[in-house]
Amino acid sequence: MLLENKNAVVYGAAGSIGSAVAKAFAREGARVFLAGRTLSSLQKVAEEIKSEGGTAEAAQVDGLNPEAIGKHLNEILQTAGRIDISFNAIWIRGDLQGTPLLDMPAEDFTMPVLTGIKTHFLTGTAAARHMVQQKSGVILTLSSSSSVLSGRDRRYHLTGGFSTACAAIEAFSRSLAGEVGPAGVRVVCLRPDAIPETWSGDVARVKAYMEGGTVLGRLPQLNEVANAACLMASDHASAMTGTIANLTCGSFMD
């Protein structure tokens, strides 16, 4: 097991990506602490993990509230003794796509930027304070292919402030990695492309357009993002920090 005896906190653990990663962490042997705004949804994920033989605990935590984040981490330390992995999968609030920037009020543009970077800053730095003291730990952040603005055969447009938010999260990840690296703490940002499993409604046309812009001719799956998170959080990736894990199926190549 890649994460045996590790303690992992997952923010936004009731969402599509958060729950997939939390379940994968548990399958790889981690004790998972699920955090989010809706306790009932988190408890459902926790029960699914337990039914598969994993260990999970749920707690209601506002990822934009520093006091709530700090209190939750202190509770984890009291029960588990240490925090080995922190992953923020909180969906960027205020994300408004489909409206041209020329027609968008400034508040609609800045909302996802401010909320996206704030929650990553609060959860990342809160975990880092404990990890620096214990001289180890991994902080995983989450952006998307929108951060690079252009792909293989397609242009990103009408994304409002979402692309700027993702670019800011990646920049923050590199900055944090540079500061906490000397203490043995790693920071890696996961950058998937759009994940069709998280969509709803008739999306065949959009899906075909986006798949056509990838080298592999398809978009990433939730299990692929979750598996990558497990790898990045494990000792098998111990030389990786301050970098972006490209999970775009080749819509962007670096």
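Scroll up a little and you will see the structure.
Described in the following lines is the structure provided in the data block. (Residues numbered from 1 in each chain as written. Predicted model: local features only at pLDDT ≥ 70, side-chain atom pairs only at ≥ 80, totals over all residues. Heavy atoms only, no water.)

1. Comments concerning the overall build of the protein
Turning to step 1, where the next piece is worked out: Check the secondary structure of the protein and you find seven helices and seven strands.
Turning to step 2, where the next piece is worked out: Here the C-alpha atoms of the protein give a radius of gyration of 18 Å, agreeing with the 18 Å that 2.2 N^0.38 yields for 254 residues.
Turning to step 3, where the next piece is worked out: Projected onto its principal axes, the C-alpha positions of the protein cover 50 × 40 × 35 Å.
Turning to step 4, where the next piece is worked out: For the protein, contacts bridging at least 24 residues in sequence account for 74% of all contacts bridging at least 6.
Turning to step 5, where the next piece is worked out: By element, 53% of the accessible surface of the protein is carried by carbon and sulfur atoms, the whole surface being about 11800 Å².
Turning to step 6, where the next piece is worked out: Charged side chains in the protein number 22 positive and 24 negative. The centres of these two groups are separated by 2 Å. (Helix = DSSP H or I, 4+ residues; strand = E, 2+ residues; numbered from the N terminus. Rg over C-alpha atoms; globule rule 2.2 N^0.38 Å. Contact = heavy atoms within 4.5 Å. Areas by Shrake-Rupley, 256 points an atom, 1.4 Å probe, with all protein chains shown as cover. Lys, Arg positive; Asp, Glu negative; His and termini not counted. Charge placed at Lys NZ, Arg CZ, Asp CG, Glu CD.)

2. A closer look at helix α7 (residues 222-233)
Turning to step 1, where the next piece is worked out: Between the first and last C-alpha of α7 there are 17 Å, a value that for 12 residues agrees with the 16 Å anticipated at 1.5 Å per step.
Turning to step 2, where the next piece is worked out: Those residues of α7 that sit buried are L222, V225, A226, A228, A229, C230, M232 and A233.
Turning to step 3, where the next piece is worked out: Buried-residue contacts for α7 involve α1 (16-27), β4 (85-88), β5 (137-142), β6 (185-192) and β7 (243-247). (Expected span 1.5 Å × (residues − 1). Buried < 20%, exposed > 50% of the residue type's maximum accessible area, 1.4 Å probe, protein only.)

3. Quick look at the layout of surface pockets
Empty space among the atoms becomes apparent when a probe as large as a water molecule is rolled across them.
Turning to step 1, where the next piece is worked out: There is about 160 Å³ of room inside the second largest pocket.
Turning to step 2, where the next piece is worked out: Lining the second largest pocket are 13 residues, with K6, S136, G137, V138 and D235 positioned closest to its centre.
Turning to step 3, where the next piece is worked out: Residues that form the lining of the second largest pocket fall into these classes: three nonpolar, five polar and five charged. (1 Å grid on protein atoms, 1.4 Å probe; cavity = no way out; pocket = protein on both sides within 12 Å on 5 of 7 lines; lining within 4 Å. Points joined across faces, edges and corners; volume = space filled by probe spheres on them. Nonpolar A, V, L, I, M, F, W, Y, C, P; charged D, E, K, R; others polar.)

4. Some words on the packing of α1 against α7
Packed helices, taken two at a time, are described by their axes: the angle between them and the distance between them.
Turning to step 1, where the next piece is worked out: Packing of α1 against α7 leaves a shortest axis separation of 8 Å and a crossing angle of 55 degrees. Of the possible angle classes, the one that applies to α1 and α7 is oblique. Read as a crossing pair, α1 and α7 show a hand that is right-handed. Along the contact surface, α1 presents S16, I17, A20, V21, A24 and F25, while α7 presents L222, V225, A226, A229, C230 and A233.
Turning to step 2, where the next piece is worked out: For the contact of α1 with α7, a count of residues per class yields 11 nonpolar, one polar and no charged. (Axes fitted to C-alpha atoms, helices over the stretch in contact; angles between N-to-C directions. Parallel < 35°, antiparallel > 145°, perpendicular 65-115°, else oblique. Left-handed = near helix turned anticlockwise from the far one by under 90°.)

5. Some remarks on the environment of S51
Turning to step 1, where the next piece is worked out: Secondary-structure assignment places S51 in helix α2 (residues 39-51).
Turning to step 2, where the next piece is worked out: In sequence terms S51 and A13 are 38 residues apart; their C-alpha atoms lie 17 Å from each other.
Turning to step 3, where the next piece is worked out: In this structure the side chain of S51 is engaged in a polar contact, spanning 2.6 Å, whose partner is the backbone oxygen of E48. (Polar contact = N/O pair within 3.5 Å; in protein donor to acceptor, adjacent residues only side chain to side chain.)

6. Brief notes about unusual backbone geometry
Note: most peptide bonds trans; most residues except glycine with negative phi.
Turning to step 1, where the next piece is worked out: At K135, a residue that is not glycine, the phi angle is positive and equals roughly 65 degrees.
Turning to step 2, where the next piece is worked out: Of note, K135 is situated in the loop between α4 (106-134) and β5.
Turning to step 3, where the next piece is worked out: A positive phi angle is found at C249, which is not glycine, with a value near 60 degrees.
Turning to step 4, where the next piece is worked out: For C249, the location among the structural elements is in the segment after β7.

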